[in-house]
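Descriptive analysis of the structure
In case you want the letters, here they are:
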Amino acid sequence: MFAIAIVVRIIQQIIMSSNDPTYGFLPPGGDNHTYDRWALEISQTFWLGWGRIPFLHGPLYPYFLGLVYLRFGHSVDAAAWSQRFVGALTVVMIFYLARKIFGKKAGWCAGLAAAFCPLLLMYEGEVLVETVVVFANTLTLCVLVVAAEKKNMRWWLISGVCIGICCLGRPNVLLLIPFVTFWIALVAPGSLRGKAVAAIAFLAAVLITISPATLLNYFVGNRLFLVTHSANVNLYIGNAPD
């Protein structure tokens, strides 16, 4: 499945970079321009830039992109090719999830659908957070499926770290934490105390993972936000009549 996904992405990247006149254009003021500038700062100084705290955007993607720029240089091509590889890994995980839960035939159907999905292919060529967030979310689902089988402390902690990483990419994942905590309390083996310990361990792993962003927001930005302060802005943009 990885071979199919990566071949499709190589062809897509070559076609888009050669024929799309807007390829590589990052309009000032757009999210892609913001991520590009932020990642460039990280690649040059390996720090966040005090002016970006408290965070408006989750820091996960800028750090991913900053590491790409640090290794391969500052270019849209470097970002796009890296995201093509990440997208191919996401396809493999979707294949794994569907096969694990619904059977081999469903796995192939889901994997092929993801490999040729036009939305996934489009976003992988853009300097935007979506590709990394989809990867992190899919990885978290895979970890939760394994955790449901293993039912041990190691996997509850890994699940918490993965959810925390997702929150650093898209803070609205925070809304899932109570539901996952309740689910862990239900499926964890042992006594009521053992279930509570599993749920608390998961929560602790989540909080430790997002704590760097929270502490920076509080001590540097003088605002208490778990990850970002953009919830009110996004709420207005999504619901304002204008």
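**Observations regarding the overall build of the chain**
Helices and strands together make up the secondary structure of the chain, namely 11 helices and 0 strands. Overall, the chain shows an N-to-C arrangement of helices and strands of α-α-α-α-α-α-α-α-α-α-α. For 242 residues, the compact-globule estimate of 2.2 N^0.38 gives 18 Å, and the chain sits close to it at 19 Å. When its C-alpha atoms are laid out on the principal axes, the chain stretches across 60 × 50 × 45 Å. Counting all 242 residues of the chain, 41% fall into the buried class. For the chain, restricting intrachain contacts to residue pairs at least 6 apart in sequence, the fraction spanning at least 24 positions comes to 66%. For the chain, the computed accessible surface area is about 13,000 Å², with 70% contributed by carbon and sulfur atoms.

**Observations concerning the side chain of Gln 13**
Within the fold, Gln 13 resides in helix 1 (residues 2-19). Polar contacts involving the side chain of Gln 13 include one to the side chain of Tyr 23, which spans 2.7 Å. Contact partners of Gln 13, with chain neighbours within four places excluded, come to Tyr 23, Asp 77, Ala 80, Trp 81 and Arg 84.

**Brief notes about the confidence of the model for the chain**
For the chain, per-residue confidence averages 90 on the pLDDT scale, and residues scoring 70 or more make up 94% of the total. Looking across the chain, the model is least confident in helix 11 (residues 231-239), with a mean pLDDT of 68, and most confident in helix 4 (residues 76-102), with 96.

**What about a nonpolar patch on the surface?**
On the surface, Ile 4, Trp 108, Leu 112 and Phe 116 cluster together to form a nonpolar patch covering roughly 350 Å² of accessible area. The partly exposed category is assigned to Leu 112, whose relative accessible area is 35%.

**Quick look at the packing of aromatic side chains**
Enumeration over the complete set of coordinates arrives at 7 aromatic pairs. Ring geometry for Phe 2 against Phe 85: centres 5.9 Å apart, planes inclined by 80 degrees, an arrangement best described as edge-to-face. Of this pair, Phe 2 sits in helix 1 while Phe 85 sits in helix 4; the two residues are 83 residues apart in sequence, bridging distant segments of the chain. Here Phe 2 falls in the partly exposed class, since its relative accessible area comes to 31%. On the basis of relative accessible area, Phe 85 is assigned to the partly exposed category, the value being 43%. Ring geometry for Trp 156 against Trp 183: centres 6.3 Å apart, planes inclined by 90 degrees, an arrangement best described as edge-to-face. A residue pair is termed long-range when its members are at least 10 positions apart, and Trp 156 in helix 8 (residues 153-169) and Trp 183 in helix 9 (residues 177-187) qualify at 27 residues. Among the residues examined, Trp 183 registers a relative accessible area of 29% and is labelled partly exposed. Here the aromatic cluster, defined as three or more aromatic residues joined through ring pairs, consists of Tyr 35, Tyr 61 and Phe 64.

**Looking at unusual backbone geometry**
Phi is positive for Lys 151, which is not a glycine, with a value near 55 degrees. Along the chain, Lys 151 turns up in the loop between helix 7 (130-150) and helix 8.

**A look at the packing of helix 8 against helix 9**
Remark: helix 8 packs on helix 9, axes separated minimally by 12 Å, with the N-to-C direction vectors making an angle of 170 degrees. Classified by the interaxial angle, the pair formed by helix 8 and helix 9 is roughly antiparallel. Note on element contacts: helix 9 touches helix 8 through Ile 177, Val 180, Trp 183, Ile 184 and Val 187, opposite Trp 156, Ile 163 and Cys 167. Residue classes in the contact of helix 8 with helix 9 are distributed as 8 nonpolar, no polar and no charged.

**Side note on helix 10 (residues 192-219)**
The end-to-end C-alpha distance of helix 10, which contains 28 residues, comes to 38 Å, matching closely the 40 Å that a straight helix rising 1.5 Å per residue would cover. Along its length, helix 10 reaches its greatest deviation from straightness, about 50 degrees, at Ser 211, and the proline Pro 212 lies no more than four positions downstream. Along helix 10, the positions that sit buried rather than exposed are Ala 198, Ala 199, Ala 201, Phe 202, Ala 205, Val 206, Thr 209, Ile 210, Ala 213, Thr 214, Leu 216 and Asn 217.

**Structural notes on helix 9**
All buried positions along helix 9 are accounted for by Ile 177, Val 180, Thr 181 and Ile 184. Along the axis of helix 9, the buried residues cluster in a sector spanning 105 degrees; they form a single face. Among the exposed residues of helix 9, those oriented more than 90 degrees off its buried face are Pro 178, Phe 179, Phe 182 and Leu 186. Buried residues along helix 9 sit in contact with helix 7, helix 8 and helix 10.

Cut-off values and rules
Residues numbered from 1 in each chain as written. Predicted model: local features only at pLDDT ≥ 70, side-chain atom pairs only at ≥ 80, totals over all residues. Heavy atoms only, no water. Helix = DSSP H or I, 4+ residues; strand = E, 2+ residues; numbered from the N terminus. Rg over C-alpha atoms; globule rule 2.2 N^0.38 Å. Buried < 20%, exposed > 50% of the residue type's maximum accessible area, 1.4 Å probe, protein only. Contact = heavy atoms within 4.5 Å. Areas by Shrake-Rupley, 256 points an atom, 1.4 Å probe, with all protein chains shown as cover. Polar contact = N/O pair within 3.5 Å; in protein donor to acceptor, adjacent residues only side chain to side chain. pLDDT = per-residue confidence, 0-100. Patch = residues over 30% accessible without salt bridge, like charges linked within 9 Å, V, L, I, M, F, W, Y side chains within 5 Å. Salt bridge = Lys/Arg side-chain N within 4 Å of Asp/Glu carboxyl O. Phe/Tyr/Trp six-rings, centres within 6.5 Å; stacked < 30°, edge-to-face > 60°. Axes fitted to C-alpha atoms, helices over the stretch in contact; angles between N-to-C directions. Parallel < 35°, antiparallel > 145°, perpendicular 65-115°, else oblique. Nonpolar A, V, L, I, M, F, W, Y, C, P; charged D, E, K, R; others polar. Expected span 1.5 Å × (residues − 1). Bend = angle between axes of the 7 residues up to and from the residue. Arc of directions from axis to C-beta.

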